[in-house]
Amino acid sequence: MKTVVDLKDEHRAKLLKLAAHRGEEDISGILADALEAYLAQFQQPDEERVKAALKLEGALSDEEAEEMRRAVEELRASRPVPDSRLPRPSGLCAGEFSVPDDFDDSLPEDVLSSFEEP
């Protein structure tokens, strides 16, 4: 998939230089690698998170731990987070819009070419 990203000229020049050094013609590979590295830091495996949490055992007094537990419960209650592992029910927007008959048709040539221009 192609997308448009605004970059400063000096950043684009540096990325193009890095791409050329890697033998690549464009910066997409560098951006993909950078995004993967950035996102990986937020995807710590559960096993590692449990080990890190267990290392904290005994770091708080019973009173501090209870206060922390209450604060966490209040926060969870005030900002419920949907479980992203659950499948979303189909038909949530039924009747709110209709898909045009030509939805799967090719885009006009001028529109297609606008995605390929630098």
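Residues numbered from 1 in each chain as written. Predicted model: local features only at pLDDT ≥ 70, side-chain atom pairs only at ≥ 80, totals over all residues. Heavy atoms only, no water.

1. Quick look at the pattern of salt bridges
One pass over the structure, following the stated rule, counts four salt bridges. Ionic pairing is found between Arg 22 and Asp 33, a salt bridge with its closest N-O pair at 2.7 Å. Taken as a pair, Arg 22 in the loop between helix H1 (9-21) and helix H2 (28-40) and Asp 33 in helix H2 lie far apart in primary sequence, 11 residues in all. Judged by relative accessible area, Arg 22 falls into the partly exposed class, the value being 40%. Here Asp 33 falls in the partly exposed class, since its relative accessible area comes to 41%. (Salt bridge = Lys/Arg side-chain N within 4 Å of Asp/Glu carboxyl O. Helix = DSSP H or I, 4+ residues; strand = E, 2+ residues; numbered from the N terminus. Buried < 20%, exposed > 50% of the residue type's maximum accessible area, 1.4 Å probe, protein only.)

2. Concerning the confidence of the model for the protein chain
Looking at the protein chain, pLDDT values average 83 and 96% of them are 70 or higher. When mean pLDDT is taken per element in the protein chain, H1 scores highest with 91 and helix H3 (residues 46-55) scores lowest with 78. (pLDDT = per-residue confidence, 0-100.)

3. Observations regarding H1
End to end, H1 covers 18 Å across 13 residues, agreeing with the expected 18 Å (1.5 Å per residue, within 8%). Directly beyond the C-terminal end of H1, a positive phi value near 80° is found at Gly 23. (Expected span 1.5 Å × (residues − 1).)

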